[in-house]
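Structure assessment
These are the residues of each chain, in order.
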Amino acid sequence: MLHLHHLANSRSFRIIWLLEELGADYKLTCYERNKAYRAPDSLKQVHPIGNAPILEADDRVLIESGFIIEYLIKHYDKEKQFKPDDNNEAAWEAYTFWLHFAEASLMPLLVMRLVFTKVVSQSPMLIKPISKKNPRSD
Ligand SMILES: N[C@@H](CCC(=O)N[C@@H](CS)C(=O)NCC(=O)O)C(=O)O
């Protein structure tokens, strides 16, 4: 039994996408962000880290989107749609590279952009012209 705990506007959307591509049977619980744009405390009752995604799978509680993706592909990719063939080095390299690139290089840039956008939109009127000067806020 798979049960995904998904937070609105978050990287856990990737896990929904993968579960759909795999045609997996899963339960989905969605959480809204609070006023501070953080995850609600109720997510901490599922796992103390309180971040999304959290996947309950086979009587275990899994965190870390990269690990969850690897776990799902290992155990639920019955048609071998995404799992690279062990004998195909180029396919393995492409799979492993993009998996790590998403978290290690792409995600920090997206998070920075989100943070600076919030800084501008939530700055008091008088400070807004200064916060807009940040190169990452456009
Ligand atoms: N490296 C973790 C990061 C998890 C994470 O930070 N998730 C964000 C959503 S994109 C979150 O739950 N944030 C809630 C909060 O900071 O309160 C992963 O890839 O799963």
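Everything that follows concerns the structure shown earlier in this document.
Attention in this report is confined to the structure presented alongside it.

**Structural notes on the pairing of strand 1 (residues 2-7)**
In terms of burial, strand 1 is largely enclosed, as six of its six residues are buried. Residue alternation in strand 1 divides its side chains into two sets, Leu2, Leu4 and His6 and His3, His5 and Leu7, and both sets are buried. Across six bridges, strand 1 lies against strand 2 (residues 26-31) in parallel orientation. Note that in strand 2 the partner of His6 across the bridge is Cys30. You can see the chain leave strand 1, run along helix 1 (residues 13-22) and come back into strand 2, and the turn it takes is right-handed. Bridge analysis of strand 1 against strand 3 (residues 54-57) gives four bridges, and the strand direction is antiparallel. Within strand 3, the residue paired with Leu4 across the bridge is Leu55.

**Some details on the layout of surface pockets**
Quantified by volume, the largest pocket comes out at close to 1,400 Å³. What lines the largest pocket is a set of 43 residues, among which Arg11, Arg14, Ser65, Glu103 and Met107 lie closest to the centre. Secondary structure elements with two or more residues in the lining of the largest pocket: helix 1, helix 2 (65-76) and helix 3 (89-122). Of the residues forming the lining of the largest pocket, the biggest block, 14 residues, is contributed by helix 3. Its residues assigned to classes, the lining of the largest pocket shows 25 nonpolar, seven polar and eleven charged.

What counts, and where the lines are drawn
- Residues numbered from 1 in each chain as written.
- Predicted model: local features only at pLDDT ≥ 70, side-chain atom pairs only at ≥ 80, totals over all residues.
- Heavy atoms only, no water.
- Buried < 20%, exposed > 50% of the residue type's maximum accessible area, 1.4 Å probe, protein only.
- Helix = DSSP H or I, 4+ residues; strand = E, 2+ residues; numbered from the N terminus.
- Pairing = 2+ DSSP bridges.
- Right-handed = clockwise from strand over helix to strand, strands pointing away.
- 1 Å grid on protein atoms, 1.4 Å probe; cavity = no way out; pocket = protein on both sides within 12 Å on 5 of 7 lines; lining within 4 Å.
- Points joined across faces, edges and corners; volume = space filled by probe spheres on them.
- Nonpolar A, V, L, I, M, F, W, Y, C, P; charged D, E, K, R; others polar.

Everything listed here is a matter of geometry and, on its own, says nothing about what the molecule does.
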